[in-house]
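Chain by chain, the residues run as shown.
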Amino acid sequence: MAERILDYIAKFLALIVVLPIHEFAHAFVAVKCGDPTPKMYGRYTINPLAHFDLLGLACFLFAGFGWAKPVPVNPYNFNHYKKGSFLVSIAGVVSNYLLAFLVFPLAYYFVWFLPEFGYFTLVLRDTLMYIVGFSLSFFVFNLIPVYPLDGFRALDVFVKRQNKFYIFLRTKGIYLLYALFALSLIADFTGLYFLDVFGNFMNTVVGFISKPIIEFWNLILKGVMV
């Protein structure tokens, strides 16, 4: 019971780092591109309270997926509409990957040299590892080109609105995503993990995109990390 509580604490602490940075990145780039809307709505901040949706946060903690409040932007305020729209769309995922890159050596190397302070050290280690894991997962998930995810918004800049595949991704794609989520939950409850198509996809892609980070820090730290 104590281990489960500590695990939830570590997940929560990781989320109050990862989610606000993702959302603030959208707000920061939008403002830099000429749109003051995030400032007007109090979203130009890394304060977690400004970005959290309580139900979405609870789903993250207990169901493994959830959401934050989307940052309001007005692309018509951008200095360059297409460029601004694209940069704002990818800002969140770029921040996630950079965060994973920076925290990785702390999570998987330096933290093991900390003196043991019981639960504190355990929670710190788990929190740092969750920051890396959540960041990479958010990077992959948000690049899925389904409305209203960031991947769709980036695609939206370049694809003609009459394109049938575009229309499907905008209107029906989210239902496919819901179906994959449902299969993931069924797999968890039944133990039939072959049904977890979405989870297996995420694990495969996260493993692939984490390799450059691992190889870089292994090189810098002379292969000490495993």
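Analysis parameters
Residues numbered from 1 in each chain as written. Predicted model: local features only at pLDDT ≥ 70, side-chain atom pairs only at ≥ 80, totals over all residues. Heavy atoms only, no water. Core = buried A, V, L, I, M, F, W, Y, C linked by side-chain atoms within 4.5 Å. Buried < 20%, exposed > 50% of the residue type's maximum accessible area, 1.4 Å probe, protein only. Helix = DSSP H or I, 4+ residues; strand = E, 2+ residues; numbered from the N terminus. Contact = heavy atoms within 4.5 Å. Phe/Tyr/Trp six-rings, centres within 6.5 Å; stacked < 30°, edge-to-face > 60°. Lys NZ or Arg CZ within 6 Å of the ring centre and 35° of its normal. Salt bridge = Lys/Arg side-chain N within 4 Å of Asp/Glu carboxyl O. pLDDT = per-residue confidence, 0-100.

We now examine the nonpolar core. The biggest cluster of nonpolar side chains holds 42 residues, and the ones touching the most others in it are Leu 15, Phe 141 and Leu 177. It is helix α6 (residues 119-142) that provides the largest number of residues to this core, a total of nine residues. Setting aside anything within four residues of it in sequence, one finds Leu 177 in contact with Phe 141, Ile 144, Leu 149 and Phe 198. In this structure, Ala 30, Cys 33, Phe 78 and Val 88 belong to the second largest nonpolar core, which totals seven residues.

According to the stated counting rule, one finds 17 aromatic pairs in the structure shown. Taking 5.9 Å as the distance between ring centres and 45° as the angle between the ring planes, the aromatic pair formed by Phe 24 and Phe 28 counts as tilted. Of this pair, Phe 24 and Phe 28 are both found in helix α1 (residues 2-32), four residues apart, which corresponds to roughly one turn of the helix. On the basis of relative accessible area, Phe 28 is assigned to the partly exposed category, the value being 34%. Seen from their ring centres, Phe 134 and Phe 138 are 6.2 Å apart, and the 5° between their planes marks the pair as stacked. One end of the pair, Phe 134, and the other, Phe 138, are both in helix α6, four residues apart, so they sit about a helical turn from each other. Using a relative accessible area of 16% as the deciding quantity, one classes Phe 134 as buried. Taken together, the ring pairs in this structure connect Phe 60, Tyr 130, Phe 134 and Phe 138 into an aromatic cluster. In this structure, Lys 39 packs its charged tip against the face of Tyr 44, placed 5.0 Å from the ring centre. Arg 170 extends its terminal NZ or CZ atom over the ring of Tyr 147, reaching a point 4.3 Å from the ring centre.

Any two side chains of opposite charge can pair if their charged atoms end up close together. Scanning the entire structure with this criterion turns up one salt bridge. Note that Asp 7 is salt-bridged to Lys 11, the shortest N-O span being 3.6 Å. Remark: Lys 11 and Asp 7 occur in helix α1; sequence separation between them is four residues, near one turn of the helix. With a relative accessible area of 22%, Asp 7 lands in the partly exposed category.

Moving on, we get to the side chain of Thr 37. Mapped onto the fold, Thr 37 is located in helix α2 (residues 37-40). Apart from residues lying up to four places away in sequence, Thr 37 is in contact with Pro 72, Val 73, Asn 74 and Asn 77.

A few words on the environment of Phe 168. Structurally, Phe 168 can be placed in helix α8 (residues 164-171). Judged by its relative accessible area of 37%, Phe 168 is partly exposed. When the C-alpha positions of Phe 168 and Tyr 147 are compared, they lie 9.6 Å apart, and in sequence the two are 21 residues distant.

Another point: the confidence of the model for the chain. Summarising the model, the chain shows a mean pLDDT of 88, and 98% of its residues fall at 70 or more. Across the chain, the element-wise mean pLDDT spans from 81 in helix α9 (residues 173-190) up to 96 in α2.

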